[in-house]
Amino acid sequence: MLFRSVQRHPWWVIVGTLGLLTALASPLLGLQFRNSGIQLLPAADTQRQFFTLLADEYPASSRPTVWVIGETTLDSAAAWVLSLSSVPGVASVDPPSTNGPYVVVGVRAATRDAGGNVAQDVVTGLRAMHPPFRTWVAGQAANQIDFVASLRSRAPAALAIVVLATFILLFLMTGSVVVPLEALVLNSLSLAASLGVLVWVFQDGHFQRLLGYTSTGGIETYVVALVLAFGFGLAMDYEVFLLSRIKEFHDSGKPNNEAVRLGLQRSGRIITSAAAIMVVVFGGFIFGKLLVIKEVGFALAVVVVVDATIVRLLLVPATMTVLGRANWWAPRRFKALYERFSLTH
């Protein structure tokens, strides 16, 4: 009955599901990356309480927020060391020490958050200085900046490889150039919505008591990378389940709408059952103590729920119904390639 209702009113389903996915994805616009340390532990954890108490009672025992290393001698670095305190956000500068041919200086930012915005601004300011010798800036905030920069620089190439490989494989399976493009777009919407929910819950701090965590004001950088990689793989897995059934009925001579409906009827239970198992598995991660484990488990569980319900059971059949015969369109040259290299079973 659900599939027939979707096919009777496909435009209403498309508009409604796209609106819902957009609303779920909207918190992603305020995403803040983090590279946390002791903050990954629960606030009630004894180890976190110990380090917090130690920093409060003995500030001098805490580590500098940022480390600056210069390839020079102590004498020639004297003026440079003094100039470090002029960088905005720097509270104090520790006395320099030497380590072989290097001068090492500990810089303390005016913040308790070694990975927050203040510390990152200090790193940026220190790196903007250009003394007459080689320098390096290290620490939690520096690692965060470098990790994000690396992701941004390599993401286009990685994205191109994934998109191209997915398009080729789905084309060889379906013989269509429309279906692979549709799958890529819908899977992207599913991932965006799931990451938006992750930001709303863990960055904005909703359900902290229920899930047993304390928000750090951001999402761990590598969590986003993991969720994108594994989430896309899971979503594509369900896509292949569904499309393979629809393609079978289409190849047997069924009209497009009937092939879509029968394909959903035959694969819907398998997709739902597999999704339920994955949600239970990933849901178990939420009960872990480490915040990063909670974030990964929660995000992947949301990816599966969103993809297996909103996308796979509503948006995909509605979209394929609207497109009709155009679902299976491909240029003549592409059809020749499909006939030669198609993936069949």
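Rules used in this analysis
- Residues numbered from 1 in each chain as written.
- Predicted model: local features only at pLDDT ≥ 70, side-chain atom pairs only at ≥ 80, totals over all residues.
- Heavy atoms only, no water.
- Helix = DSSP H or I, 4+ residues; strand = E, 2+ residues; numbered from the N terminus.
- Rg over C-alpha atoms; globule rule 2.2 N^0.38 Å.
- Buried < 20%, exposed > 50% of the residue type's maximum accessible area, 1.4 Å probe, protein only.
- Contact = heavy atoms within 4.5 Å.
- Areas by Shrake-Rupley, 256 points an atom, 1.4 Å probe, with all protein chains shown as cover.
- Lys, Arg positive; Asp, Glu negative; His and termini not counted.
- Charge placed at Lys NZ, Arg CZ, Asp CG, Glu CD.
- Expected span 1.5 Å × (residues − 1).
- Arc of directions from axis to C-beta.
- Phe/Tyr/Trp six-rings, centres within 6.5 Å; stacked < 30°, edge-to-face > 60°.
- Core = buried A, V, L, I, M, F, W, Y, C linked by side-chain atoms within 4.5 Å.
- Axes fitted to C-alpha atoms, helices over the stretch in contact; angles between N-to-C directions.
- Parallel < 35°, antiparallel > 145°, perpendicular 65-115°, else oblique.
- Nonpolar A, V, L, I, M, F, W, Y, C, P; charged D, E, K, R; others polar.
- Patch = residues over 30% accessible without salt bridge, like charges linked within 9 Å, V, L, I, M, F, W, Y side chains within 5 Å.
- Salt bridge = Lys/Arg side-chain N within 4 Å of Asp/Glu carboxyl O.

> In this structure, what is going on with the overall build of the chain? I would like to understand it.
Along its length, the chain carries 12 helices and 7 strands. Taking 2.2 N^0.38 as the reference for a compact globule, 345 residues should give roughly 20 Å; the C-alpha atoms of the chain span a radius of gyration of 26 Å, well beyond that estimate. In terms of principal-axis extent, the alpha carbons of the chain reach across some 85 × 50 × 30 Å. Taking all 345 residues of the chain together, the buried fraction comes to 44%. Of all intrachain contacts in the chain linking residues separated by at least 6 positions in sequence, the fraction that spans at least 24 positions is 74%. Within the structure as shown, the chain displays about 18200 Å² of accessible surface, and the carbon and sulfur contribution to it stands at 65%. Computed over 26 positive and 20 negative side-chain charges, the separation of the two mean positions in the chain equals 12 Å.

> I keep staring at helix 2 (residues 10-25) and nothing clicks. Help me out?
Side chains that are three or four residues apart share a direction in an α-helix, a result of its 3.6 residues per turn. An ideal rise of 1.5 Å per residue puts 22 Å on 16 residues; helix 2 measures up with 22 Å between its terminal C-alpha atoms. Residues Pro10, Val13, Ile14, Thr17, Leu21 and Ala25 constitute the buried set of helix 2. Mapping the buried residues of helix 2 onto a view down its axis gives an arc of 95°, with all of them on the same face. Every exposed residue of helix 2 that faces more than 90 degrees away from the buried side is listed here: Trp11, Trp12, Val15 and Thr22.

> What is the right way to look at the packing of aromatic side chains in this model?
In this description, an aromatic ring pair is defined by two values, namely the gap between the centres and the angle between the planes. Counted by the stated rule, this structure contains 8 aromatic pairs. Taken together, a centroid distance of 4.6 Å and an interplanar angle of 35° make the contact between Phe202 and Tyr213 tilted. Remark: Tyr213 occurs in the loop between helix 8 (208-211) and strand 7 (219-220) and Phe202 occurs in helix 7 (residues 178-203); sequence separation between them is 11 residues. Just as Phe202 is buried, Tyr213 falls in that class too. Joined through ring pairs, the aromatic side chains of Phe171, Phe334 and Tyr338 make up one cluster.

> Sorry if this is basic, but what is going on with the nonpolar core here?
Nonpolar side chains tend to gather and get buried jointly when the protein is soluble and globular. Grouped together as the largest cluster of nonpolar side chains are 60 residues, with contacts concentrated most on Leu198, Phe202, Phe298 and Met320. Only helix 2, helix 6 (140-174), helix 7, helix 9 (221-251), helix 10 (256-285) and helix 11 (291-323) provide two or more residues apiece to this core. Among residues more than four places away in sequence, those in contact with Phe202 are Leu211, Tyr213, Ser215, Gly218, Ile219, Leu291, Lys294, Glu295 and Phe298. Membership of the second largest hydrophobic core comes to 20 residues, among which are Val66, Val68, Leu84 and Val123.

> Whenever I open this one, the packing of helix 6 against helix 12 (residues 332-341) confuses me. Can you help?
Two numbers describe a pair of packed helices, the interaxial angle and the distance between the axes. Interaxial distance between helix 6 and helix 12 falls to 8 Å at its minimum, and their mutual angle equals 75°. Overall, the two elements helix 6 and helix 12 adopt an arrangement that is roughly perpendicular. Each of Phe167, Phe171, Leu172, Met173 and Thr174 in helix 6 lies in contact with helix 12, whose residues at this interface are Phe334, Leu337, Tyr338 and Phe341. Per-class residue counts for the contact of helix 6 with helix 12 are 8 nonpolar, 1 polar and no charged.

> Looking at this model, I keep getting lost on unusual backbone geometry. Mind explaining?
In most cases, non-glycine residues show a negative phi, while peptide bonds are predominantly trans. The residue Phe207 is not glycine, and still its phi comes out positive at about 65°. Within the element layout of this structure, Phe207 appears in the loop between helix 7 and helix 8. Here Phe207 falls in the partly exposed class, since its relative accessible area comes to 45%.

> Can you help me understand a nonpolar patch on the surface in this one?
Taken together, the side chains of Phe147, Leu151, Tyr222, Leu226 and Phe230 define a hydrophobic patch exposed on the protein surface, amounting to about 430 Å² of accessible area. When contributions to the nonpolar patch are tallied by element, the ones reaching two or more residues are helix 6 and helix 9. Considering every element that reaches the nonpolar patch, the biggest residue donor is helix 9, with 3 residues. Inspection of the secondary structure puts Tyr222 in helix 9. Residue classification places Tyr222 among the partly exposed positions, given a relative accessible area of 31%.

> Teacher, can you tell me more about the environment of Ile270 here?
Structurally, Ile270 can be placed in helix 10. On the basis of relative accessibility, which here comes to 46%, the residue Ile270 falls in the partly exposed class.

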